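So you can see what is in the structure, the chains are spelled out below.
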Amino acid sequence: MRVLGIDPGLRNLGWGVIDVAGSKLSHVANGICHSAPGEGDGDLAQRLFSLHSQLTEVLRQYAPDAAAVEHTFVNKDAVATLKLGQARGIALLVPAQFGLTVGEYAPNAVKKTVVGVGHADKGQVDHMVKVQLPGVKIAGPDAADALAIAICHAHHLQSAGRLQAAVKRAVG
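This one's a predicted model, so the numbers in the text were calculated from it and none came from an experiment.

**Re the pattern of salt bridges**
A side chain with one charge may pair with a side chain of the opposite charge, provided their charged atoms come close. Counted by the stated rule, this structure contains five salt bridges. The shortest N-O distance in the salt bridge between R2 and D19 comes to 2.7 Å. Taken as a pair, R2 in strand β1 (residues 2–7) and D19 in strand β2 (residues 12–21) lie far apart in primary sequence, 17 residues in all. Take D19: its relative accessible area is 24%, and that puts it in the partly exposed class. A salt bridge links D126 to K130; the shortest N-O distance between them is 3.1 Å. Here D126 pairs with K130, and both are found in helix α4 (residues 122–132), just four residues apart, close to one helical turn.

Next comes the structure, spelled out in C-alpha cells:
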C-alpha cells in the first residue's frame, strides 16, 4: 500500500509518500509545494491554484492508495487561520479528485504515533521519521511533518485492518 501524507500550508505545503508492506515502511519520495514565485503576498486564488497544480502532479507521479492530512489548529490571527484553512482545502480536494478517502489527524495524534509523545518538537519528529525511514533525505520541516502524517495514517490503517479481521473471526 502506498500512503501520501500532506502537511497543509499556504506558502509551503509539505508532502511525503511511503510504501507499507506489513509492518515494514519504506520511503518513496517527499517534497514541498511552494506558492508560485512572486505570489508571497499576491493573489490568493493564484497561490491556491499553484498548490493545487503541484499537488496534483505529486499524485499523478506517485499514485498513492491512501492519503492523510493534518488538522488545522486555530491561532490568534484569524486571517492567517482562514488562509491556512483554504490551503487545507486544497490538500483535501486533490486526493479526493483521485478517488482517495482522506484521513485527518490532529498534530498531537501524529506526534504521539511517530515520537511517542503528543507535544514533541519539530526536531524530535524529524529524528523519528529518519529512524523509521532509514536513509531518507528530507526536503525540509514541512516534508518531515508530511512523512510523519503518512506514517501515522499507515499505523491507523493497519490497526483498523487488524480490528476488522478480529471481528470477522469472532463473528464468523
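Now that the structure is up, let's keep going.
**Overview of unusual backbone geometry**
The backbone of A63 shows a phi angle near 45°, a positive value even though the residue is not glycine. Note on placement: A63 falls in the loop between α1 (44–62) and β4 (66–70).

**Some words on the pairing of β4**
Taken across its five residues, β4 has five buried, putting it largely inside the fold. Of the two faces of β4, the one holding A66, A68 and E70 and the one holding A67 and V69 are both buried throughout. Summarising the sheet, β1 and β4 pair through four bridges and their orientation is parallel. Each bridged residue has a counterpart across the sheet, and for G5 the counterpart in β4 is A68.

**Focus on the nonpolar core**
Side chains of a nonpolar character, in soluble globular proteins, are inclined to be buried together. The biggest cluster of nonpolar side chains holds 22 residues, and the ones touching the most others in it are L4, I6, L13, W15, L51 and L55. Contributing elements (two or more residues each) for this core: β1, β2, β3 (24–34), α1, β4 and α2 (78–97). The leading source of residues in this core is α1, at six residues. Apart from the residues lying within four places of it in its own chain, the contact partners of L13 are I6, D7, P8, G31, I32, C33, L51, L55, A87 and A91. Core analysis: the next-biggest nonpolar cluster, separate from the first, contains 21 residues, V20, Y105, V114 and V136 among them.

**Comments concerning the packing of α1 against α2**
It is at 9 Å that the axes of α1 and α2 come closest, and there the two elements cross at 35°. Our pair here, α1 against α2, has a crossing hand that is right-handed. From α1, L44, L48, L51, H52, L55, T56 and L59 reach across to α2, where they touch Q86, A87, I90, A91, L93, V94, P95 and Q97. Partitioning the contact of α1 with α2 into residue classes produces 11 nonpolar, four polar and no charged.

**With respect to the side chain of Q132**
Positionally, Q132 belongs in helix α4. A polar atom in the side chain of Q132 sits 3.1 Å from the backbone oxygen of V114. With residues near it in sequence (within four places) discarded, Q132 still touches L25, V114, I151 and H155.

**Observations regarding the sheet that holds β2**
Spatially, five strands are ordered β3-β2-β1-β4-β5 in an open sheet, and the strand pairing comes out mixed. Each edge of the sheet is formed by a strand with only one pairing partner; in this case those strands are β3 and β5 (102–105). Here the average twist between neighbouring strands, direction ignored, is 20°. As paired strands, β4 and β5 are joined by four bridges and run parallel to one another. Its bridge partner lying in β5, E70 is registered against Y105. Where α1 meets the sheet, it contacts β1, β2 and β3, and its direction lies at approximately 155° from that of β3.

Parameters at a glance
Residues numbered from 1 in each chain as written. Predicted model: local features only at pLDDT ≥ 70, side-chain atom pairs only at ≥ 80, totals over all residues. Heavy atoms only, no water. Salt bridge = Lys/Arg side-chain N within 4 Å of Asp/Glu carboxyl O. Helix = DSSP H or I, 4+ residues; strand = E, 2+ residues; numbered from the N terminus. Buried < 20%, exposed > 50% of the residue type's maximum accessible area, 1.4 Å probe, protein only. Pairing = 2+ DSSP bridges. Core = buried A, V, L, I, M, F, W, Y, C linked by side-chain atoms within 4.5 Å. Contact = heavy atoms within 4.5 Å. Axes fitted to C-alpha atoms, helices over the stretch in contact; angles between N-to-C directions. Left-handed = near helix turned anticlockwise from the far one by under 90°. Nonpolar A, V, L, I, M, F, W, Y, C, P; charged D, E, K, R; others polar. Polar contact = N/O pair within 3.5 Å; in protein donor to acceptor, adjacent residues only side chain to side chain.

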